[in-house]
Amino acid sequence: NAAGVRPIQSSVLRAVASPRVVKQAGHVLRTGSGGSEATFNLSQPADEIDIFLSHSWRDSGLLKYLALCLYFNSVMAMVAALISGFLAFLLLRSGKITLLPFAPFMNVFNDFNEAMHAAGFRPSYDLNQFPWMDPAYKPIYAPSCQLVATSAFVIVLLLGHHLRAPVTMFLDKVCIHQTDPQRKAAGIQAIDQFLVRSKKMLICYNDDYFERLWCCFELAARASSGSEIEMLPLWRAPVVLVVLVGFTVSHIAEYVYLLFAGVGGSPNGFTIVSITFHAIPTLFMIEYTVLATRQKLKLTDTLRTFKITTTKC
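What counts as what
- Residues numbered from 1 in each chain as written.
- Predicted model: local features only at pLDDT ≥ 70, side-chain atom pairs only at ≥ 80, totals over all residues.
- Heavy atoms only, no water.
- Helix = DSSP H or I, 4+ residues; strand = E, 2+ residues; numbered from the N terminus.
- Buried < 20%, exposed > 50% of the residue type's maximum accessible area, 1.4 Å probe, protein only.
- Contact = heavy atoms within 4.5 Å.
- Areas by Shrake-Rupley, 256 points an atom, 1.4 Å probe, with all protein chains shown as cover.
- Lys, Arg positive; Asp, Glu negative; His and termini not counted.
- Charge placed at Lys NZ, Arg CZ, Asp CG, Glu CD.
- Patch = residues over 30% accessible without salt bridge, like charges linked within 9 Å, V, L, I, M, F, W, Y side chains within 5 Å.
- Salt bridge = Lys/Arg side-chain N within 4 Å of Asp/Glu carboxyl O.
- Pairing = 2+ DSSP bridges.
- Polar contact = N/O pair within 3.5 Å; in protein donor to acceptor, adjacent residues only side chain to side chain.
- Axes fitted to C-alpha atoms, helices over the stretch in contact; angles between N-to-C directions.
- Parallel < 35°, antiparallel > 145°, perpendicular 65-115°, else oblique.
- Nonpolar A, V, L, I, M, F, W, Y, C, P; charged D, E, K, R; others polar.

### So, the overall build of the protein chain
- Along the backbone of the protein chain there are 11 helices and eight strands.
- Referenced to the eigenvectors of the C-alpha coordinate spread, the extents of the protein chain come out at roughly 80 × 50 × 30 Å.
- Here the protein chain holds 313 residues, and 41% of them are scored as buried.
- Sequence-distant contacts, at least 24 apart, represent 84% of the contacts inside the protein chain between residues at least 6 apart.
- Carbon together with sulfur atoms contributes 65% to the accessible area of the protein chain, which is approximately 17000 Å² in total.
- The protein chain carries 27 positive and 21 negative side-chain charges, and their two centres are separated by 5 Å.

Next comes the structure, spelled out in structure tokens:
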């Protein structure tokens, strides 16, 4: 980076703190590329920038907000989920709290054993040593720990930027003056300095990223310096949220069925509820896997056949 650094007015090189980019559900990202004096004042002069954010303003601002939340807060959210879920488990086991009343769960072990016998298989272990092999045995179940852990994950994922040390970011709408022509021109002419003085380029991409001329220019300029570049797909965050919350809702649906059906609940009814509610997050995850594969193939093909005359500006 040092080879590309040149003198620049301190008033031109600016950065914005990461919490200001994602506050109010990413308001600055969701309101288009047009800026004002107020948006420019969100940034401050900086000698060095942590992250150069490269993205297309044609892409959803909400997806970019969620992508940045996942990028900055996912580890913290996962730790919060594990700790809160474990603490909920300890409190439930101690009997000090009861979040959800326990429901009798079907004896799936006994049902599985009967299915094995019906298929002609005879297990070699002594069934009498397992209490759950008693046909009258009914385990108890409540998704309290999972509900607590999932809630903690979502809350910290979306609000964790208030708990961590901020990083400085370059966001064109905020760091380059959008209403003063002279100051705007000075910021655009200094784009190389925004690039080389940033520790990392973070690319929030969709499948049209390499079709945008300005995005290609930023990436090419950054790549020519041999500096760090990280790719962040926009659809990953909503998929993580849908799958995680979806499976939690699925287990709650199973719990509600067991709670109201009781001991006499039909195994077939439980199976129908379980498959129905699990199908949505499962299919969503499969669809995203296909989408992500196609997206990467399209990006690779677009880059391989790149022509400046076919880009969009």
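### Some words on the environment of Thr305
- Of note, Thr305 is situated in the segment after α11 (267–304).
- Once the C-alpha coordinates of Thr305 and Phe112 are considered, the two residues, 193 residues apart in sequence, prove to be 56 Å apart.

### Quick look at a nonpolar patch on the surface
- Judged by side-chain polarity, Val75, Val79, Ile83, Phe86, Leu87, Phe89 and Leu90 come together as a nonpolar surface patch covering roughly 640 Å² of accessible area.
- Turning to its location among the elements, Phe89 is positioned in helix α3 (residues 61–94).
- The class for Phe89 is partly exposed, based on a relative accessible area of 39%.

### Observations concerning the pairing of strand β1 (residues 14–17)
- Of the pairings in the sheet, the one linking β1 to strand β2 (residues 44–45) comprises two bridges and is antiparallel in character. Looking at β2, one finds that Ala15 is bridged to Gln44.
- With two bridges joining them, β1 and strand β6 (residues 168–170) adopt antiparallel strand pairing. Looking at the pairing, Val16 lines up with Met169 of β6.

### A look at the side chain of Thr150
- Among the structural elements, Thr150 can be located in helix α5 (residues 144–159).
- Residue class for Thr150 comes out buried when judged on its relative accessible area of 9%.
- At 2.8 Å, the side chain of Thr150 forms a polar contact with the side chain of Thr248.
- Beyond its immediate sequence surroundings of up to four residues, Thr150 is in contact with Leu244, Val245 and Thr248.

### Digging into the packing of α3 against helix α10 (residues 236–261)
- Interhelical geometry of α3 versus α10 gives an angle of 75° and a closest axis separation of 7 Å. With respect to each other, α3 and α10 are oriented roughly perpendicular. Two secondary-structure elements touch here, α3 through Leu63, Leu66, Ala67 and Leu70 and α10 through Arg236, Ala237, Pro238 and Leu241.
- Partitioned by chemical class, the residues of the contact of α3 with α10 number seven nonpolar, no polar and one charged.

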